[in-house]
Amino acid sequence: VPCVDFLVQQGFSVELTILCDCENDTGDGYVGFNQSHDWQVGRVRDVIAAVAGTPNVLVEIGNEPPSNGCDVVRIAQDLDLFDPANRPMPMALGLYPITGHEPDFPVLDYVTDHPERKPTWTAEAGKTGDYVYVQTGRPWVADEWAKFSSPDNPDGEATECDPVQSPRRLRVPAPGSP
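Right, let's walk through the structure included here.

Rules and cut-offs
- Residues numbered from 1 in each chain as written.
- Predicted model: local features only at pLDDT ≥ 70, side-chain atom pairs only at ≥ 80, totals over all residues.
- Heavy atoms only, no water.
- Core = buried A, V, L, I, M, F, W, Y, C linked by side-chain atoms within 4.5 Å.
- Buried < 20%, exposed > 50% of the residue type's maximum accessible area, 1.4 Å probe, protein only.
- Helix = DSSP H or I, 4+ residues; strand = E, 2+ residues; numbered from the N terminus.
- Salt bridge = Lys/Arg side-chain N within 4 Å of Asp/Glu carboxyl O.
- Expected span 1.5 Å × (residues − 1).
- Contact = heavy atoms within 4.5 Å.
- Pairing = 2+ DSSP bridges.

**Section: the nonpolar core**
Then step 1. Among the nonpolar cores identified, the biggest contains 31 residues, and Leu19, Val44, Ile61, Ile75 and Met91 are the most heavily contacted of them.
Then step 2. Broken down by secondary-structure element, the contributors of at least two residues to this core are helix H1 (2-9), strand E1 (14-19), helix H2 (37-51), strand E2 (57-62), helix H4 (72-78), helix H5 (121-136) and strand E5 (140-142).

And the structure:
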């Protein structure tokens, strides 16, 4: 995969999230792609095959599975991904939240989560990471930690970049710009 190869050559690690917006159009303003379970299984299989053996690549099967129309546990079962021998790179299901579901929480190689976005996020992230590791023995990857959002906006979307949540150092300037 040329994009992944380029990023790896630059020294980056890449997390590929395979499935999102697989649901039917529910009239909520978000159009889903209405992808069948069999299509989703095939897509996950194809992406895994395309990046197998590429260093610095992690794969998350689905983004926000309950909201996006994909049953990542069933997909992992269909592809026998709960057997570590069948995972050619570190993989996560994309399920969250883990808190309150620890004893039965399905985990592959790492755990993803969507922590609440608020000014104390960075301090709380370390505690969450420790907690997840103690509960599962697996590392934790926070989804959308640097989203351009404002913690006091009920929609979670800011009309301008919040300097606390999205620091300038995360901005990638266009070539030739300051």
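**Points about unusual backbone geometry**
Then step 1. We note that Asn56 has phi near 65 degrees; this positive angle belongs to a residue other than glycine.
Then step 2. Take Asn56: it is sitting in the loop between H2 and E2.
Then step 3. Its relative accessible area of 36% is what places Asn56 among the partly exposed residues.
Then step 4. Located in the positive-phi region is Asp80, a residue other than glycine, with phi close to 55 degrees.
Then step 5. Looking at where Asp80 falls in the secondary structure, it is placed in the loop between H4 and strand E3 (91-92).

**Quick look at the pattern of salt bridges**
Then step 1. If you walk through the whole model with that rule in mind, you get one salt bridge.
Then step 2. Here Arg87 ties to Asp109 by a salt bridge, and the two come within 2.8 Å at their closest N and O atoms. Of this pair, Arg87 sits in the loop between H4 and E3 while Asp109 sits in the loop between E3 and strand E4 (111-113), placing them 22 residues apart in sequence.
Then step 3. Residue Arg87 is classed as buried on the basis of its relative accessible area, which comes to 10%.
Then step 4. Given a relative accessible area of 25%, Asp109 falls into the partly exposed group.

**Focus: H2**
Then step 1. In a regular helix each residue adds 1.5 Å, so 15 residues correspond to 21 Å; H2 covers 22 Å between its end C-alpha atoms and thus fits that length.
Then step 2. Of the positions making up H2, those classed as buried are His37, Gln40, Val41, Gly42, Val44, Val47, Ile48 and Val51.
Then step 3. Packed against the buried residues of H2 are H1, E1, E2, H4 and E3.
Then step 4. Just downstream of H2 lies Gly53, where phi reads positive at about 85 degrees.

**Things to note about the environment of Glu60**
Then step 1. Locating Glu60 in the fold gives a position in strand E2.
Then step 2. On the accessibility criterion, Glu60 (1% relative accessible area) is buried.
Then step 3. Between the C-alpha atoms of Glu60 and Leu95, which are 35 residues apart in sequence, the distance is 9.4 Å.
Then step 4. Contact partners of Glu60, with chain neighbours within four places excluded, come to Glu15, Leu16, Thr17, Ile18, Ala92, Leu93, Gly94, Tyr110, Thr112 and Asp143.

**A few points about the pairing of E2**
Within a regular beta strand, the side chains point alternately toward one face of the sheet and then the other, so they alternate between its two faces.
Then step 1. With respect to burial, E2 is a largely interior element, five of its six residues being buried.
Then step 2. Summarising the sheet, E1 and E2 pair through five bridges and their orientation is parallel. Paired with Leu19 across the bridge in E2 is Gly62.
Then step 3. Here E2 runs beside E3; their pairing, made up of two bridges, is parallel. When the sheet's bridge partners are listed, Val59 is paired in E3 with Met91.

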